[in-house]
Amino acid sequence: MSTFQAQILTPNGSLFEGEVSGVQMPGAMGSFEVKANHAPIVSALDEGTVLVRKADGDVNYNISGGFVEVAKNKLTLLAESVVEE
Amino acid sequence: MPNLRDIRNRISTVNNTQQITKAMKMVAAAKLRKAQERMVQTRPYASKIQDVVGRLVGSSSVSNPIMRNADEVKSVLMIVIGSDRGLCGGFNNNLFKEVEKSVEANLSDHRENGTLSLVTVGKKAGAYFKKRNYNVIESHPGFFDKLEYESTSELMNKASQQFVDGDFDEVYIAFNEFKSVIAQNRKVDKVLPIDPSEISASSDDASKEAIDYIFEPDSEVILEKLLPLHLNIQLWKAVLESNASEQGARMSAMDSATENAKDLERELKLKYNQARQSAITTEISEIVSGAQALGGN
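Overview of the structure. (Residues numbered from 1 in each chain as written. Chains lettered and ligands numbered in written order. Predicted model: local features only at pLDDT ≥ 70, side-chain atom pairs only at ≥ 80, totals over all residues.)

1. Considering the overall build of chain B
So the rule is basically this: Strands here mean DSSP runs of E at least two residues long; helices mean DSSP runs of H or I at least four residues long; both are numbered from the N terminus. In this description the radius of gyration comes from C-alpha coordinates, and the expected globular size is given by 2.2 Å times residues to the power 0.38. Note on burial: count the other C-beta atoms lying within 10 Å of the residue's C-beta; 20 or more is buried, 12 or fewer is exposed, in between is partly exposed, and C-beta positions come from the backbone. Note on contacts: each residue gets a C-beta atom placed from the backbone, and two residues are in contact if those atoms are within 7 Å.
The helix and strand inventory of chain B stands at 7 helices and 6 strands. The C-alpha radius of gyration computed for chain B amounts to 29 Å, which surpasses the reference 19 Å derived for 297 residues by more than 25%, pointing to a less compact arrangement than a globule. With the C-alpha coordinates of chain B rotated into their principal frame, the extents come out at 115 × 45 × 30 Å. In chain B, which comprises 297 residues, the share counted as buried stands at 34%. Nonlocal contacts in chain B, meaning residues at least 24 apart in sequence, comprise 80% of its contacts between residues at least 6 apart.

Here you go:
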């Protein structure tokens, strides 16, 4: 499966960085998932759970709302508070 | 003539002081390293936010409440970031003087009319401005004991809410910017209202290619949510910079204190030896003259 770079950034530093096959997020207009080669997008995120699909299993993060930017096959998620489940 | 025992006591006091200042320097150095690390960690987040905000602010003609520009500035809020502890040289005083100077220059009307409000961070800032009869509406002593992003965002959210409500028409942050370990830049920055040209200008150099983004739900909603985050990170950055500067200032202050103590100790040792020498000389000459007096008999 094709993968892409994802990064989760918080004011206290980078929480996750690596190759993923998909990231599911609580978008302001409903939950959605980004796969490889997604079109460039900037979306607001609501409070909820972010699901990161890594090669060695899925990881859940709870976020307090934030933003996601996808450009050139790189996903950057910005959130003020992120807690790994 | 100085008493031998007095000098000896002074030497040991100076020596003790020297040990304390040396230890404080070490502690400050360790804390400085940690503070610098935290500063570096916020950088990717901050630059990304800046990037997106710059792109949005430039492109959209949004009338966001946070972007409002008052025709007439009726009241001003200033957030002053000092330190909780002393013994850090001119760190606090230099900043406070700079604040007073810029108030004098730009906001003297507000100061006289009582429309200048202050929020102080750190014990020293609160004490200084309360004593000088500034209108300190909120003070946060002990802020640096538990330095967390949440506490700064709480502070900033409140300030931006007050700005949106019209309680304040301008918001400033005064802090020590970390230039290097031995040098701080005193800064009084205007954070609200947001100046769009400044943001887009500073994000220009960061590889700004025209990527055709999809905005979800739309750019206005995103900007509305993004601006508070942008403000929060500004304050957080200022607090971290100030924290690192404080440790740097303390380190150099304690370093020069140690040096001074060393000089003083050297001087005192010289004095002590001179006094000892002259005491011995006197003693010998007394013995010799005593023996001569006896031999004369």
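What follows continues from the structure just given.
2. Overview of the overall build of chain A
Helix and strand counts for chain A stand at 0 helices and 7 strands. Counting from the amino terminus, chain A carries its helices and strands in the arrangement β-β-β-β-β-β-β. Against the compact-globule benchmark of 12 Å for 85 residues, chain A has a radius of gyration of 11 Å, which places it among compact chains. Its C-alpha atoms give chain A principal-axis dimensions of roughly 30 × 25 × 20 Å. Burial analysis of chain A (85 residues in total) assigns 33% to the buried set.

3. Section: the sheet that holds strand β2 (residues 116-121) of chain B
Residue and element names in this part refer to chain B. The following threshold applies: A pair of strands counts as paired when DSSP detects no fewer than two bridges linking them. Here the axes come from fitting lines to C-alpha atoms, over the contacting stretch only for helices, and the angles between their N-to-C directions go from 0 to 180 degrees.
Judged by pairing direction, the sheet is mixed, and its 5 strands sit side by side in the order β3-β2-β1-β4-β5 without closing on themselves. Two strands close off the open sheet at either side, each with one partner strand: β3 (135-140) and β5 (184-192). Strand after strand, the sheet turns through a mean of 20° between neighbouring axes, direction not considered. Note: strand β1 (residues 76-81) against strand β4 (residues 170-178), 5 bridges, orientation parallel. Residue pairing in the sheet places I79 in a bridge with I173 of β4. Taken strand by strand, helix α2 (residues 91-106) contacts β1, β2, β4 and β5, and its axis lies near 45° from that of β5.

4. Focus on the interface of chain A and chain B
Short version of the rule: Residues were grouped as follows: Ala, Val, Leu, Ile, Met, Phe, Trp, Tyr, Cys and Pro as nonpolar; Asp, Glu, Lys and Arg as charged; and all remaining residues, including Gly, as polar.
Tallying the contact residues gives 21 residues for chain A and 24 residues for chain B. For the side of chain A that touches chain B, the leading source of residues is strand β4 (residues 41-54) of chain A, giving 4 residues. Taken together, the residues of the side of chain A that touches chain B sort by class into 12 nonpolar, 7 polar and 2 charged.

5. Points about the nonpolar core
All names here are of chain B. As a reminder, the rule being used: Think of a nonpolar core as buried Ala, Val, Leu, Ile, Met, Phe, Trp, Tyr and Cys residues, each tied to the set through C-beta atoms within 7 Å.
Ranked by size, the top nonpolar core spans 86 residues in total, and within it I49, M78, I79, V80, I81, A174 and L226 carry the most contacts. Here this core gets 17 residues from one element, more than from any other, and that element is helix α7 (residues 219-296). When residues no more than four places from it in sequence are discounted, the contact partners of M78 are L116, L118, Y172 and A174.

6. Here we look at the environment of L118 of chain B
Residues and elements named next belong to chain B. Following the sequence through the fold, L118 ends up in strand β2. For L118, a count of 23 C-beta atoms within 10 Å puts it in the buried group. It is 9.9 Å that separates the C-alpha atoms of L118 and I173, two residues lying 55 residues apart in sequence. In this structure, L118 is in contact with M78, V80, F129, Y134, N135, V136 and I137, ignoring residues within four places of it in sequence.

7. Structural notes on the environment of Y61 of chain A
By secondary structure assignment, the location of Y61 of chain A is in strand β5 (residues 57-71). If we ignore the near neighbours within four places in the chain, the residues touching Y61 of chain A are I8, T49, V50, V52, V82, V83, E84 and E85 of chain A.

8. Remarks on the pairing of strand β2 (residues 13-27) of chain A
Residues and elements named next belong to chain A. Taken together, the 7 bridges between strand β1 (residues 4-10) and β2 define a ladder with antiparallel strand orientation. What sits directly across from A6, in β2, is G18. Where β1 hands over to β2, the hairpin turn is made up of 2 residues, counted between the paired strands. Note that β2 and β4 share 5 bridges and pair antiparallel. By the bridge assignment, Q24 is partnered in β4 with L51. In this sheet, strand β3 (residues 30-35) lies alongside β2 in antiparallel orientation, the contact comprising 6 bridges. Within β3, the position partnered with V23 by the bridge is V34.

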